[in-house]
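So you can see what is in the structure, the chains are spelled out below.
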Amino acid sequence: MSDGTRGTGDGNEPPDDEAALSARLQRLGNRLAQANRPSENDSGPRQTADPSAIARGFRLSAELVAGVVVGAMIGWLLDRWLGISPWGLIVFLLLGFAAGVLNVMRAAGIVRERSLND
Amino acid sequence: MAVDPIHQFQIIDLFPIAKIGNTEIAFTNSAAYMVLAVAVIAAFLIGGTARRSLVPGRIQSTAELTYEFVANTIRSTAGSEGMRFFPFVFTLFMFILTTNIIGLIPYAFTVTTHIIITATLALSVFVTVLVYGFWKNGLRFFNLFVPKGIPIYILPLIVFIEVLSFLSRPISHSVRLFANMLAGHITLKVFASFITLLGGAGIIGMVGATLPLAMVVALTALELLVAFLQAYVFAILTCIYLNDAIHPGH
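Predicted, not measured: the structure shown is a model, and the values here were computed from it.

Novice: What's the story with the overall build of chain B in this structure? I'm lost.
Specialist: Along its length, chain B carries 8 helices and 2 strands. Counting from the amino terminus, chain B carries its helices and strands in the arrangement β-β-α-α-α-α-α-α-α-α. With respect to the three principal axes, the spread of C-alpha positions in chain B is 75 × 55 × 45 Å. Looking at chain B as a whole, 34% of its 250 residues are labelled buried. Taking the intrachain contacts of chain B between residues at least 6 apart in sequence as the baseline, contacts between residues at least 24 apart amount to 63%.

Novice: Whenever I open this one, the overall build of chain A confuses me. Can you help?
Specialist: When you go through chain A residue by residue, the secondary structure sums to 3 helices and 0 strands. The order of helices and strands in chain A, counted from the N terminus, is α-α-α. By residue count, 21% of the 118 residues in chain A fall in the buried class.

Novice: How should I be thinking about the nonpolar core in this particular structure?
Specialist: Soluble globular proteins tend to bury their nonpolar side chains together. The biggest cluster of nonpolar side chains holds 54 residues, and the ones touching the most others in it are Val 89, Phe 93 and Ala 235 of chain B. Those elements that provide at least two residues to this core are helix H2 (53-82) and helix H3 (87-108) of chain A together with helix H2 (58-78), helix H3 (86-103), helix H4 (115-137), helix H5 (155-167), helix H6 (169-199) and helix H8 (210-246) of chain B. Among the elements that line this core, the one with the most residues is H8 of chain B, at 16 residues. Discounting residues that sit within four places of it in the chain, Val 89 of chain B has contacts with Val 70, Ile 74, Ala 235, Thr 238 and Cys 239 of chain B.

Novice: Please clarify how the packing of H2 of chain A against H6 of chain B should be interpreted in this entry.
Specialist: Each pair of packed helices gets described by two things: the angle between the helix axes and the distance between those axes. The interhelical angle for the contact between H2 of chain A and H6 of chain B, taken along N-to-C directions, is 130°, at an axis separation of 9 Å. One finds that H2 of chain A runs oblique with respect to H6 of chain B. Handedness of the H2 of chain A/H6 of chain B crossing: right-handed. Of the residues in H6 of chain B, those touching H2 of chain A at Phe 58, Arg 59, Ala 62, Glu 63, Ala 66, Val 69 and Val 70 of chain A are Ile 171, Ser 172, Val 175, Arg 176, Ala 179 and Asn 180 of chain B.

Novice: Hey, could you run me through H3 of chain A in this one?
Specialist: With 22 residues, H3 of chain A should reach 32 Å at 1.5 Å per residue; the first-to-last C-alpha distance of 32 Å fits that figure. Within H3 of chain A the residues assigned to the buried category are Gly 88, Leu 89, Phe 92, Leu 95, Gly 96, Ala 99, Gly 100, Leu 102, Asn 103, Val 104 and Ala 107 of chain A. Of the surrounding secondary structure, the elements contacted by the buried residues of H3 of chain A are H2 of chain A together with H5 and H6 of chain B.

Novice: For this particular structure, what's the right way to read H2 of chain B?
Specialist: Residues spaced three or four apart along an α-helix face the same direction, because each turn holds 3.6 residues. All names here are of chain B. Between its terminal C-alpha atoms H2 stretches 30 Å, which fits the 30 Å expected from 21 residues at 1.5 Å a residue. Every buried residue of H2 is listed here: Val 70, Thr 73, Ile 74, Arg 75, Thr 77 and Ala 78. Turning to H2, the residues buried within the fold contact H3 and H8.

Novice: Looking at this structure, how should I read the pairing of strand S2 (residues 23-28) of chain B?
Specialist: Residues in a regular strand point their side chains to alternate faces of the sheet. Residue and element names in this part refer to chain B. Sparse coverage of S2 is indicated by the burial of 0 of its 6 residues. Here strand S1 (residues 13-20) runs beside S2; their pairing, made up of 6 bridges, is antiparallel. Within S2, the residue paired with Asp 13 across the bridge is Thr 28. If you look at the hairpin formed by S1 and S2, you'll find 2 residues sitting between the two strands, and Gly 21 has a positive phi there, around 65°.

Novice: Help me out: how do you make sense of the environment of Gly 82 of chain B in this one?
Specialist: All names here are of chain B. Looking at the secondary structure, you find Gly 82 in the loop between H2 and H3. Gly 82 gets classed as buried once you count the C-beta atoms within 10 Å, which come to 25. Taking the C-alpha atoms as reference points, Gly 82 and Asp 13, 69 residues apart in sequence, are found 40 Å from one another.

Cut-off values and rules
- Along each chain, residue indices are assigned from 1 in the same order as the chain's sequence is written.
- All chains are assigned letters beginning at A, and all ligands numbers beginning at 1, according to the order in which they are written.
- Totals for whole chains, interfaces and linings use every residue, but because this is a predicted model, local features are given only for residues with pLDDT of at least 70 and side-chain atom pairs only at 80 or more, for both listing and counting.
- Runs of H or I in DSSP of at least four residues are treated as helices and runs of E of at least two as strands, each being numbered from the N terminus.
- In this scheme every C-beta is placed from the backbone, and a residue whose C-beta has 20 or more other C-beta atoms within 10 Å is buried, one with 12 or fewer is exposed, and one in between is partly exposed.
- Any two residues are considered in contact once their C-beta atoms, placed from the backbone, lie within 7 Å.
- Buried Ala, Val, Leu, Ile, Met, Phe, Trp, Tyr and Cys residues whose C-beta atoms connect them within 7 Å together make up a nonpolar core.
- The axes are straight lines fitted to the C-alpha atoms, using for helices just the contacting stretch, and the angles between their N-to-C directions are given from 0 to 180°.
- Each angle is binned into one of four classes, with values under 35 degrees roughly parallel, values over 145 roughly antiparallel, values of 65 to 115 roughly perpendicular, and all other values oblique.
- Here a crossing is taken to be left-handed if its near helix is turned anticlockwise relative to the far helix by less than a right angle, and right-handed if that turn runs clockwise.
- Take the number of residues in a helix, subtract one, and multiply by 1.5 Å to get its expected span.
- For two strands to be treated as a pair, DSSP must find at least two bridges joining them.

By themselves, these figures tell us nothing about what the structure is for.
Now the structure itself:
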């Protein structure tokens, strides 16, 4: 009302529309923050579902193969370093297979992720 | 036309940069496409944030969308403490997504079809998890390998299996991206070569060639999905692994 420089034509608009706009923005920001809060999850991981079957298949097979490969690699290295061939390879290949199965069960969500084990 | 579905993955030296010992370090086509990907990402994000208007334009809106997408992924997987790794995860996601999509352009080179690239990315995640886990939790980080509520007589076995499972992560993490991209590109190439082979076999062949052509169109759409999905899977697994470093044995 005291703002003489503003055009007098916009009679229906309140003169302090800048302040009103920023107040409305503030309220919108608050409401957005409120709405977004439930999606935030501080408690830990959530089981993820791969959206496509191919991706899921690739993921599970890669998990199993990775476990076996790591077990075989460690067993072979132990054999070479300690000269206990072939026991390192036998034992660690089996352990690696177990680790691979564990990986697959975790990835498939049959076993809970370890961080939730409490 | 020679049918060689592997030819597209060949590394070509463009020009030498340095020489270490007897090893020539060259700027390869792979490096060129990586530089291109970084340039595209930089142009996209700088262009998207240059205006910073209240009502976003097209590019700004897309840039905000990618930010929100990655931020939501991190928050829902690793909690808001994981947001300190936002730059890392965002970089990985954008780099893999951009290189995958550039690779879908005909005649372009796909950087992520080489396991050395994906293994390096996966190892950088693995090392980050190890360093941050030990820095933040000290020796409590080893709780990760000792699940609670296990009888003492099988505990050593379980710990071995957990350690192996932990060590196998960078392998499955890198092989998944690499194998998906490699298999997809080889499939595309093989079906595309059927078109030229059939097309050369007279009028019946011309008609028959429409079948692999339709297949290639469908596969290209599928590959676009895979390109995005693998970048997303890589990012979300990074978040899951980082979550272990942030709260181990939680």
